[in-house]
Amino acid sequence: MLSRKIELLVGLFVAVAIAAGLMLSLYVANQGISGDQETYQLKAKFDNIGGLKVRSAVKVGGVVIGRVADISLDKKNFTPVVTLDISTKYQDFPETSSVAILTSGLLGEQYIGLQPGFSFDGIGTLKDGDFVEDTKSALVLEDLIGQFLFSKNKD
Amino acid sequence: MMQSLVHLGRNAIDRISTLGRAAQLIWGAIIAVPQPVKNTPLLIRQMYVVGVQSFLIVAVSGLFIGMVMALQSYTVLIDYGAEDSLGPMVALSLLRELGPVVTALLFAGRAGSALTAEIGLMKATEQLSSLEMMAIDPLRRIIAPRFWAGVLTMPMLALIFSAIGILGGKFVGVDWLGVDQGSYWSVMQASVEFHQDVVNGFIKSLVFAAVVTWIAVFNGYDCEPTSEGISAATTKTVVHSSLAVLGLDFILTALMFGL
């Protein structure tokens with residue numbers, strides 16, 4: 001016959017396991033902005049995306065508002081096209097907004113910084129599927145060193 | 001020459017027929033006519049023996065592995081001023097690799113060997129035959145609850161292992177070495193993905209659970225009914241399931257994170 005104690009201990013064990021699972025999924029993985037939330041897409045063309053990856057963060061003033069959904073190459077002029085998933089909570093960025101690929105810290109992860117532009121009459125807002133025209137490419141350390149050496153030589 | 005060919009052939013046939021018997025066992029135990037209502041008390045009893053009694057060793061090893069990892073990673077990361085990355089380092093290695101694999105190895109040693117020895121002794125003392133005499137299918141009465149208990153409890157143990165390991169890493173990293181508490185958690189949250197890391201780790205431990213428990217119950221059921229046979233079967237369980245876990249881990253990792 002099953003004793004009550006065994007049932008109790010098994011119940012306790014399962015409860016601890018569920019608590020561990022909840023902690024891992026909610027606290028450690030922090031299901032912030034991901035596929036579950038409603039998003040809309042913006043696109044941007046860059047000259048060079050550096051080390052940007054799919055699922056890198058999109059930030060406005062440090063606040064994460066979305067993630068990079070896709071990185072591909074434009075077939076006509078061979079420039080990288082980055083597709084951004086932005087949470088529908090954050091909408092109506094003016095068309096004059098700009099995006100830049102930034103680096104957190106000196107050697108940290110790269111992310112996309114969105115700088116909202118001014119909005120005045122005649123300037124629309126960015127809608128699903130729109131291209132952000134004003135972009136700044138990633139700062140590639142090697143290029144920077146090359147430029148520095150080049151300018152040194154001229155002196 | 002001839003003799004060695006004969007030997008090789010006999011060996012191959014033996015191996016393959018062992019695989020066939022293992023498949024038969026699993027078919028008879030779980031696929032043919034499950035009886036969930038009648039077997040639930042048996043299942044709970046086995047979950048106690050297999051899962052709850054392995055809890056302590058899994059929890060303690062999780063704590064210490066998390067603490068050691070935090071300590072080791074810290075000494076390397078501090079050279080680059082990157083000690084804020086301690087959180088993701090500990091969490092990702094635990095969730096993706098160490099949680100499922102170390103739990104499976106501990107489980108094979110702690111619960112798998114016990115299952116093999118128990119079933120092997122039942123066979124040696126002809127308890128399994130007497131069950132059959134009473135028209136009770138030992139596959140359903142003995143094997144099935146043990147198999148399901150292993151499959152259900154091991155992923156839970158792996159979750160507990162990872163959670164306790166991350167807390168252990170926090171004790172060493174934050175409370176002792178002085179990594180900022182906020183960055184330990186927030187950098188971890190930024191880089192751990194629910195589907196990619198937590199769910200894939202869980203799937204891994206589910207696969208390991210099925211394989212380890214299957215190997216354990218099969219070796220017990222298939223052992224030679226003597227004392228040497230039981231001891232050989234127990235050794236086989238630990239060796240085979242450890243190798244299977246490590247091999248499968250490579251394959252699963254390549255499939256999940258390879259590209």
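Residues numbered from 1 in each chain as written. Chains lettered and ligands numbered in written order. Predicted model: local features only at pLDDT ≥ 70, side-chain atom pairs only at ≥ 80, totals over all residues. Heavy atoms only, no water.

Peer 1: Can you walk me through the overall build of chain A in this structure?
Peer 2: The number of helices and strands found in chain A is 2 helices and 8 strands. Out of the 155 residues belonging to chain A, those deemed buried represent 32%. For chain A, contacts bridging at least 24 residues in sequence account for 64% of all contacts bridging at least 6. Put simply, chain A shows about 9900 Å² of open surface, and 57% of that area lies on carbon and sulfur atoms. (Helix = DSSP H or I, 4+ residues; strand = E, 2+ residues; numbered from the N terminus. Buried < 20%, exposed > 50% of the residue type's maximum accessible area, 1.4 Å probe, protein only. Contact = heavy atoms within 4.5 Å. Areas by Shrake-Rupley, 256 points an atom, 1.4 Å probe, with all protein chains shown as cover.)

Peer 1: Looking at this structure, how should I read the packing of aromatic side chains?
Peer 2: The geometry of an aromatic ring pair comes down to the distance between the two centres and the angle between the two planes. The final tally for this structure, using the stated rule, is 3 aromatic pairs over all chains. Here the aromatic rings of F13 of chain A and F55 of chain B are separated by 6.3 Å at their centres, their planes lie at 90°, and the arrangement is edge-to-face. You can see F13 of chain A sitting in helix 1 (residues 4-28) and its partner F55 of chain B sitting in helix 3 (residues 55-77), one on each of two chains. By relative accessible area, F13 of chain A is classed as buried at 4%. Judged by relative accessible area, which is 25%, F55 of chain B ranks as partly exposed. A centroid spacing of 5.4 Å and a plane angle of 85° characterise the contact between Y184 of chain B and W185 of chain B, whose relative ring orientation is edge-to-face. The exposure class of Y184 of chain B is buried, given its relative accessible area of 0%. A cation over an aromatic ring shows up here: K45 of chain A above the ring of F131 of chain A, its NZ or CZ 5.5 Å from the ring centre. (Phe/Tyr/Trp six-rings, centres within 6.5 Å; stacked < 30°, edge-to-face > 60°. Lys NZ or Arg CZ within 6 Å of the ring centre and 35° of its normal.)

Peer 1: Would you mind going over the pattern of salt bridges with me for this structure?
Peer 2: Think of it this way: side chains of opposite charge can pair up when their charged atoms draw near. All names here are of chain B. Under the defined criterion, the tally for this structure stands at 7 salt bridges over all chains. Ionic pairing is found between D222 and R21, a salt bridge with its closest N-O pair at 2.8 Å. Separated by 201 residues along the polypeptide, D222 in the loop between helix 8 (194-221) and helix 9 (227-257) and R21 in helix 1 (residues 2-31) bring together distant segments of the chain. One salt-bridge network, in which partners are shared between bridges, spans E97, K204 and D249. (Salt bridge = Lys/Arg side-chain N within 4 Å of Asp/Glu carboxyl O.)

Peer 1: Please clarify how the domain arrangement of chain A should be interpreted in this entry.
Peer 2: Where the parts come together, the accessible area they lose is often given as the size of the interface. In terms of domain boundaries, chain A breaks down into domain 1 (1-30) and domain 2 (39-146). Just the C-alpha atoms count here: the centres of domain 1 of chain A and domain 2 of chain A sit 43 Å apart. (Domains from an automatic or database assignment.)

Peer 1: Would you mind showing me how to read the interface of chain A and chain B here?
Peer 2: In this complex, chain A contributes 20 residues to the contact, which on the side of chain B involves 27 residues. When chain A packs against chain B, close to 2300 Å² is buried across both sides, 79% of that on carbon and sulfur atoms. When residues of chain A are sorted by the area they lose upon contact with chain B, F13, L24 and V28 of chain A head the list and together hold 27% of the total. Where chain A meets chain B, there are 0 salt bridges. Our count for the contact surface shared by chain A and chain B stands at 0 residue pairs in polar contact (both at pLDDT 80 or more). Residues that form the side of chain A that touches chain B fall into these classes: 14 nonpolar, 4 polar and 2 charged. (Buried area = accessible area lost by both parts, 1.4 Å probe. Polar contact = N/O pair within 3.5 Å; in protein donor to acceptor, adjacent residues only side chain to side chain. Nonpolar A, V, L, I, M, F, W, Y, C, P; charged D, E, K, R; others polar.)

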